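A closer look at the structure
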Amino acid sequence: QVQLVESGGGLVQAGDSLRLSCAWSGHSFNRLMLGWFRQAPGKEREVVAVISRNGGHKFHSDSVKGRFTISRDNDRKTVYLQMNNLNPEDTAIYYCAATSRSILTRPLRLATSAYEYWGQGTQVTVSS
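What you see is a predicted model; the values in this text were computed from it and never measured.

Let us now look at the packing of aromatic side chains. Using the criterion set out here, one finds four aromatic pairs in the structure. Each ring, one from F37 and one from W118, has its centre 5.0 Å from the other, and the planes form 55 degrees; the classification is tilted. In this pair, F37 is assigned in strand 4 (residues 33-39) and W118 in strand 10 (residues 117-118), connecting sequence segments 81 residues apart. Under the relative-accessibility criterion, F37 is labelled buried at 0%. Seen in terms of ring centroids, Y115 and W118 are 6.3 Å apart; in terms of plane orientation they differ by 70 degrees. Their pairing is edge-to-face. Site record: aromatic cluster; members linked through ring pairs are F37, Y95, Y115 and W118. Over the ring of W118 we find R45; its NZ or CZ atom is 4.1 Å from the centre of that ring.

The following block contains the structure:
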């Protein structure tokens, strides 16, 4: 099975930056599609960013586009989320997720149901 471990969260002030990391391990290859999701109190879990197996295709949600950047290093088996110009609305638990499935449609790539592997999350808190 694949295991995911997030790190890099913390408490920052508005305008600051953070870089989240998620290392994957297990009986797998590097054919994992990876995503970052977040969930704030009282809200549904939402997609933040998704990156394809080779890193050639990326998706960023409208709320973070231009501020966040997803990337991956398959040699290190790590996916990153660089978060710049953070604001209090970014406060949430951030989860990384992975799937080994072939997901051909764009909406399904962004859905939580598409991902069978999840990390435990890392808290990001942005003060005003």
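Moving on: the environment of S7. You can see S7 is positioned in strand 1 (residues 2-7). A relative accessible area of 39% means that S7 is categorised as partly exposed. In sequence terms S7 and S71 are 64 residues apart; their C-alpha atoms lie 15 Å from each other. Residue contacts for S7: discarding those within four places in its chain leaves R19, L20, S21 and T122.

In terms of nonpolar packing, the biggest core is built from 27 residues, with W36, V48, F68, L81, M83 and Y94 touching the most fellow members. Listed by contribution, the elements that provide at least two residues to this core are strand 1, strand 3 (18-26), strand 4, strand 5 (46-51), strand 7 (68-73), strand 8 (78-83), strand 9 (92-99) and strand 11 (122-127). When residues no more than four places from it in sequence are discounted, the contact partners of F68 are R38, V48, H60, L81, Q82, M83, N84, L86, D90 and Y94. F37, I103, A114 and Y115 belong to the second-largest nonpolar core, a separate cluster that totals nine residues.

A few words on the layout of surface pockets. Roughly 380 Å³ of internal volume is contained in the largest pocket. Lining the largest pocket we find 19 residues, and of these M33, S52, R53, I103 and R109 sit closest to its centre. In terms of residue class, the lining of the largest pocket is made up of eight nonpolar, five polar and six charged. Taken as a whole, the second largest pocket encloses approximately 220 Å³ of empty space. Per-class residue counts for the lining of the second largest pocket are three nonpolar, four polar and seven charged.

Here the focus is the state of the cysteines. Within this structure, the stated rule accounts for one disulfide. Each sulfur in the disulfide pair C22 and C96 lies 1.9 Å from the other. Between C22 and C96 the disulfide shows an S-S torsion of about 50 degrees. By sign, it is right-handed. Of this pair, C22 sits in strand 3 while C96 sits in strand 9, placing them 74 residues apart in sequence.

Rules used in this analysis
- Residues numbered from 1 in each chain as written.
- Predicted model: local features only at pLDDT ≥ 70, side-chain atom pairs only at ≥ 80, totals over all residues.
- Heavy atoms only, no water.
- Phe/Tyr/Trp six-rings, centres within 6.5 Å; stacked < 30°, edge-to-face > 60°.
- Helix = DSSP H or I, 4+ residues; strand = E, 2+ residues; numbered from the N terminus.
- Buried < 20%, exposed > 50% of the residue type's maximum accessible area, 1.4 Å probe, protein only.
- Lys NZ or Arg CZ within 6 Å of the ring centre and 35° of its normal.
- Contact = heavy atoms within 4.5 Å.
- Core = buried A, V, L, I, M, F, W, Y, C linked by side-chain atoms within 4.5 Å.
- 1 Å grid on protein atoms, 1.4 Å probe; cavity = no way out; pocket = protein on both sides within 12 Å on 5 of 7 lines; lining within 4 Å.
- Points joined across faces, edges and corners; volume = space filled by probe spheres on them.
- Nonpolar A, V, L, I, M, F, W, Y, C, P; charged D, E, K, R; others polar.
- Disulfide = S-S within 2.5 Å.

Just distances and angles here, no functional claims.
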